[in-house]
Amino acid sequence: MAPTDETGQATRHPSPSGTTPPTEPPAGGSAGPGARMPRWLPRAMVLALALIAVFQLGSWAFHQLTGLLINILIAFFLALAIEPAVSWMSGRGMRRGLATFLVFLAVLIAAAGFVTLLGSMLAGQIIKMVEDFPDYLDAVINWVNGHFHTELRRVDIQEGLLRSDWLRNYVQNSATGVLDVSAQVLGGLFQLLTILLFSFYFAADGPRLRRALCSVLPPARQAEVLRAWEIAVDKTGGYLYSRGLMALISGIAHYVLLEVLEVPYAPALAVWVGLVSQFIPTIGTYLAGALPMLIAFTVNPWYALWVLIFVVVYQQFENYVLQPKLTSKTVDIHPAVAFGSVIAGTALLGAVGALIAIPAVATLQAFLGAYVRRYDVTDDPRVHGRPNRRAAPGSSTRLRKLWARRPERGRPGTEGTGDGGSS
């Protein structure tokens, strides 16, 4: 044991050579007062602060540019949708820019015609409903007075509405919100112009864009990118054209019904039902059927019921007969997957996500299907939804086995072998 001094410290003896041995580091690994900071620590701190600053700057820029990025995404899918038509016209010798312009011009003319027809229809129906509102109000008042034995009058109701605080506040809020509505309209027009401009450039310069993207990738990656691009064009264009065909069929069917019922503005209503029911996912059918029902109700309340029945029956026909045949070669995805993709797209990007969710999921499914290896399914009854009779025998089979295991009685040579018998 080493000798110690009065303080309990181990006494140090001089080395044989007369030199002082090196001082041991302090216990616990703590540096002394004269120790220096490691050289890498300042650089690590500066690098960490720089990374935090870059992350904050990128997050701020992303939130500021979210609207622009969404517009570019919409424009990209719109360019993919018109890519087959542009490529077909370009393959016939037309310049790609001119072909893109003609396709956009046709789309804009169709959209403008639809909006004009729908606007004139709505304006006419609103004017007619305002003119006939006193008659509707009188009919409602007479019904209430006849069934509940009241003495309501239209003049009293009109005066109560005009003097109500709710109507006064509504008028004031509407007057102050005119500027906000105007700003929103101008912002929407600018957003539409931005989408059209980007989609025109994407469609017109599609080959150049693909070449620029592939020029920075190795040949193996270039093939994968081009394959993904081709799948996206096929699925998006197929989705658009199949929906357009179903919209045409739906419009014709509803036009025939509305003409038979002599509902006014039948052509515009048919176009409304066809487009809204096909291009607005999930709730498009209900939005599309509400307007014809409302206008049919102004003609005859029973006509609205007939329109409702026809909308429900046609929707079932479309879901189980028409849609599987038209989309089997374009966007053949399971209805549950389509519904889930629409919900997810709505949660991520709102209405824009709901519109592009189905073609995006169909593109991803087709692209992954090219790399997923599939095997032959075994011929097992459980795979095809049939019960396995060998694994789950029926009641008659079980009864026969129990009867075979029952002790035999009354047969020759078996007397006295039963339970409780004596020899």
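Residues numbered from 1 in each chain as written. Predicted model: local features only at pLDDT ≥ 70, side-chain atom pairs only at ≥ 80, totals over all residues. Heavy atoms only, no water.

For clarity, the cut-off: UniProt positions are given in the numbering used here, feature names are shortened, and annotations may be inferred rather than shown by experiment.
The name recorded for the protein in an unreviewed UniProt entry is AI-2E family transporter, from Streptomyces lancefieldiae. The UniProt entry for the protein carries the following text under Sequence similarities (unreviewed entry): "Belongs to the autoinducer-2 exporter (AI-2E) (TC 2.A.86) family." Comment text from UniProt for the protein, heading Subcellular location (unreviewed entry), reads "Cell membrane".

**Here's the deal with the overall build of the protein**
Stated precisely, the cut-off is as follows: To qualify as a helix, a DSSP run of H or I must reach at least 4 residues; to qualify as a strand, a run of E must reach at least 2; elements of each kind are numbered from the N terminus. Only protein chains enter the accessibility calculation, which uses a 1.4 Å probe. A residue is then buried if its area is under 20% of the maximum for its type, exposed if over 50%, and partly exposed in between. Two residues qualify as a contact provided that any one of their heavy atoms is within 4.5 Å of a heavy atom in the partner residue. In this description, accessible areas are obtained by the Shrake-Rupley approach with a 1.4 Å probe, and a residue is regarded as covered only by the protein chains that are shown.
When its secondary structure is counted, the protein shows 14 helices and zero strands. In sequence order, the protein lays out its α and β elements as α-α-α-α-α-α-α-α-α-α-α-α-α-α. When burial is assessed residue by residue, the protein has 23% of its 423 residues classed as buried. The long-range fraction of contacts in the protein, counting pairs at least 24 apart against all pairs at least 6 apart in sequence, stands at 62%. Accessible surface, the protein as shown: approximately 30,700 Å² in total, 67% of it carbon and sulfur.

**Some thoughts on the packing of helix 8 (residues 219-260) against helix 9 (residues 266-279)**
Helix-helix packing is characterised by the crossing angle of the two axes and by the distance between the axes. The line we're drawing: Axis geometry follows a simple rule: fit a line to the C-alpha atoms, using only the stretch in contact for helices, then measure angles between N-to-C directions, giving values from 0 to 180 degrees. Handedness of a helix crossing follows the sense of rotation of the near helix relative to the far helix, less than a right angle counterclockwise being left-handed and clockwise being right-handed. Side-chain classes are defined by residue name, with Ala, Val, Leu, Ile, Met, Phe, Trp, Tyr, Cys and Pro counting as nonpolar, Asp, Glu, Lys and Arg as charged, and the others, Gly among them, as polar.
One way to put it is that helix 8 packs onto helix 9 with a least axis distance of 7 Å and a crossing angle of 145 degrees. In the packing of helix 8 onto helix 9, the handedness of the crossing is right-handed. In contact with Tyr-239, Leu-240, Arg-243, Gly-244, Met-246, Ala-247, Ser-250, Gly-251, His-254, Tyr-255, Leu-258 and Glu-259 of helix 8, helix 9 contributes Ala-266, Pro-267, Leu-269, Ala-270, Val-273, Gly-274, Leu-275, Ser-277, Gln-278 and Phe-279. Across the contact of helix 8 with helix 9, the residue classes tally to 13 nonpolar, seven polar and two charged.

**A closer look at a nonpolar patch on the surface**
The test is simple: Patch definition: residues above 30% relative accessible area lacking any salt bridge, with like charges linked at up to 9 Å and the nonpolar side chains Val, Leu, Ile, Met, Phe, Trp and Tyr linked at up to 5 Å. One speaks of a salt bridge when a side-chain nitrogen belonging to Lys or Arg is within 4 Å of a carboxyl oxygen belonging to Asp or Glu.
The grouping of Leu-245, Leu-248, Ile-249, Ile-252, Tyr-255, Val-256 and Val-260 at the surface amounts to a nonpolar patch, some 620 Å² of accessible area in total. With respect to the element layout, Leu-248 can be found in helix 8.

**Observations concerning helix 7 (residues 206-214)**
Selection criterion: When we speak of the arc, we mean the arc of directions from the helix axis to the C-beta atoms.
Inspection of helix 7 places Gly-206, Arg-210 and Cys-214 among the buried residues, and these make up the whole buried set. Viewed along the axis of helix 7, the buried residues span an arc of 65 degrees, placing them on a single side of the element. Facing away from the buried side of helix 7 by more than 90 degrees, the exposed set consists of Arg-208 and Arg-211.

**Some words on unusual backbone geometry**
Among all residues except glycine, the phi angle is most often negative; among peptide bonds, the trans geometry is most common. With a phi angle near 60 degrees, Glu-262 is a residue other than glycine that sits in the positive phi range. Inspection of the secondary structure puts Glu-262 in the loop between helix 8 and helix 9. Take Glu-262: its relative accessible area is 64%, and that puts it in the exposed class.

**Observations concerning the packing of aromatic side chains**
The condition is simple: Ring geometry is summarised as follows: Phe, Tyr and Trp rings, the Trp one being its six-membered ring, pair when their centres sit within 6.5 Å, and such pairs are stacked at plane angles under 30 degrees, edge-to-face over 60 and tilted between the two.
Going through the model one piece at a time under the given rule, you end up with nine aromatic pairs. Here Phe-198 and Phe-202 contribute two aromatic rings whose centre-to-centre distance is 6.3 Å and whose plane-to-plane angle is 35 degrees, an arrangement assigned as tilted. Of this pair, Phe-198 and Phe-202 both sit in helix 6 (residues 178-204), four residues apart, roughly one helical turn. What links up through ring pairs into an aromatic cluster is the set Phe-76, Phe-77, Phe-198, Phe-202 and Trp-229.

**Things to note about the nonpolar core**
For clarity, the cut-off: In these notes, a set of buried Ala, Val, Leu, Ile, Met, Phe, Trp, Tyr and Cys residues joined through side-chain atoms within 4.5 Å is what counts as a nonpolar core.
In this structure, Leu-258, Val-263, Leu-269, Trp-272, Leu-291 and Val-307 are the most contacted members of the largest nonpolar core, which totals 17 residues. For this core, the secondary structure elements donating two or more residues are helix 3 (96-148), helix 8, helix 9, helix 10 (284-299) and helix 11 (301-327). Excluding residues within four positions of it along the chain, Leu-258 makes contact with Val-263, Ala-266, Leu-269, Ala-270, Pro-292 and Val-307.

**Things to note about the pattern of salt bridges**
Under the defined criterion, the tally for this structure stands at three salt bridges. With a closest N to O distance of 3.8 Å, Arg-210 and Glu-83 form a salt bridge. Of this pair, Arg-210 sits in helix 7 while Glu-83 sits in helix 2 (residues 66-91), and the two are 127 residues apart along the sequence. Among the ionic pairs, Arg-221 bridges to Glu-224, the shortest N-O distance being 3.2 Å. Separated by three residues within a single helix, Arg-221 and Glu-224 lie in helix 8, roughly one turn from each other. Assessed through its relative accessible area of 47%, Arg-221 is described here as partly exposed. In this structure Glu-224 comes out as partly exposed when scored by relative accessible area, which is 30%. Taken together, the shared-partner salt bridges connect Glu-83, Arg-96 and Arg-210 into one network.

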